[in-house]
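Secondary and tertiary structure notes
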Amino acid sequence: MSSTNRGNTRNKFDFYVTPVEHIRKFLKAFDRNHPGKLSNMNFILDPCAGGNEEYDMPYPKVLREFTNAEILTIDIRLDSKAQFKADYLSFVISDYADLIISNPPFNLAMEFIKKAVEDVKIKGFIIFFLRFSFLASDKRLSFFDDFMPDEIYLHHNRPSFFPEDFYNEDTGKTIKAGATDSCEYAHFVWD
């Protein structure tokens, strides 16, 4: 979901590695604010799980430090380590999740939130890693009448979605490993 070179055309299968240190910091803060919630969950869904032969799926990897819940993983990319290679927006899950957590494509974030509301248990949580600017849009103003987040955990430092040099075929440029993004990110929580 990086905004680096955001003026360029993006392939719908672009892959950005969500930094595990950002996930871990968030989950520690979430766990402090909601003691026992993570450890008592039974079913968690990551609809954009990512991972490939080089990288683990970041959310399931870090969630294992906080819970023993079953984690269902979905990803549209065929090279993902996810259990299901599918489009979450048309995927039917067999049970309601205690938690739906992921880093969705920014341009589909509203659709992911609306679908997650249908797939989460009452008293469950939806958590998405999004650009902080997700809040600042006339296009989403009416959306927030129904889907305003209950909590926002703003990350104090900008993430790097590039653990190694990344060649962008669209631009013909290489993004250096560790390059930070051009905007702030937060974990948005719907309770």
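Relevant structure appears above.
Not measured: the values here are computed from a predicted model. (Residues numbered from 1 in each chain as written. Predicted model: local features only at pLDDT ≥ 70, side-chain atom pairs only at ≥ 80, totals over all residues. Heavy atoms only, no water.)

**Examining the pattern of salt bridges**
- Under the criterion given, the structure shown has 7 salt bridges.
- A salt bridge links Arg77 to Asp75; its shortest N-O distance comes to 3.6 Å. Neither residue differs from the other here; Arg77 and Asp75 are each classed as buried.
- The structure contains a network of salt bridges with shared partners spanning Asp56, Lys61 and Lys81. (Salt bridge = Lys/Arg side-chain N within 4 Å of Asp/Glu carboxyl O. Buried < 20%, exposed > 50% of the residue type's maximum accessible area, 1.4 Å probe, protein only.)

**Digging into the packing of aromatic side chains**
- All told, the structure shown has 15 aromatic pairs when counted by the stated rule.
- With a centroid separation of 5.1 Å and an interplanar angle of 90 degrees, the aromatic rings of Phe30 and Phe125 are classed as edge-to-face. In this pair, Phe30 is assigned in helix H1 (residues 20-33) and Phe125 in strand S5 (residues 120-131), connecting sequence segments 95 residues apart.
- Taking relative accessible area as the criterion, Phe30 reaches 0% and is therefore assigned buried.
- Residue Phe125 is classed as buried on the basis of its relative accessible area, which comes to 2%.
- Note on Phe106 and Phe134: the rings are 5.9 Å apart at their centroids and 80 degrees apart in plane angle, and the pair reads as edge-to-face. With a gap of 28 residues between them, Phe106 in the loop between strand S4 (97-102) and helix H3 (109-119) and Phe134 in the loop between S5 and helix H4 (141-147) connect regions that are remote in the sequence. Phe134 matches Phe106 in its accessibility class, with the two residues each being buried. (Phe/Tyr/Trp six-rings, centres within 6.5 Å; stacked < 30°, edge-to-face > 60°. Helix = DSSP H or I, 4+ residues; strand = E, 2+ residues; numbered from the N terminus.)

**Comments concerning the nonpolar core**
- With 27 residues, the main nonpolar core has Leu45, Ile100, Phe128, Leu130, Phe134 and Trp190 as its most contacted residues.
- The set of elements that each furnish at least two residues to this core consists of strand S1 (43-46), strand S2 (70-75), S4, H3, S5, H4 and strand S9 (185-190).
- Looking at which element gives the most residues to this core, the answer is H3, with 5 residues.
- Beyond its immediate stretch of four places on either side in the chain, Trp190 contacts Ile113, Gly124, Phe125, Ile126, Phe128, Leu130, Phe147, Met148, Pro149 and Asp150.
- Counting residues in hydrophobic clusters, the runner-up holds 23 residues, among them Leu27, Tyr59, Tyr153 and Cys183. (Core = buried A, V, L, I, M, F, W, Y, C linked by side-chain atoms within 4.5 Å. Contact = heavy atoms within 4.5 Å.)

**Section: unusual backbone geometry**
- Positive phi values are uncommon outside glycine, yet Lys123 reaches one of about 70 degrees.
- Structurally, the position occupied by Lys123 is in strand S5.
- Residue Lys123 is classed as exposed on the basis of its relative accessible area of 71%.

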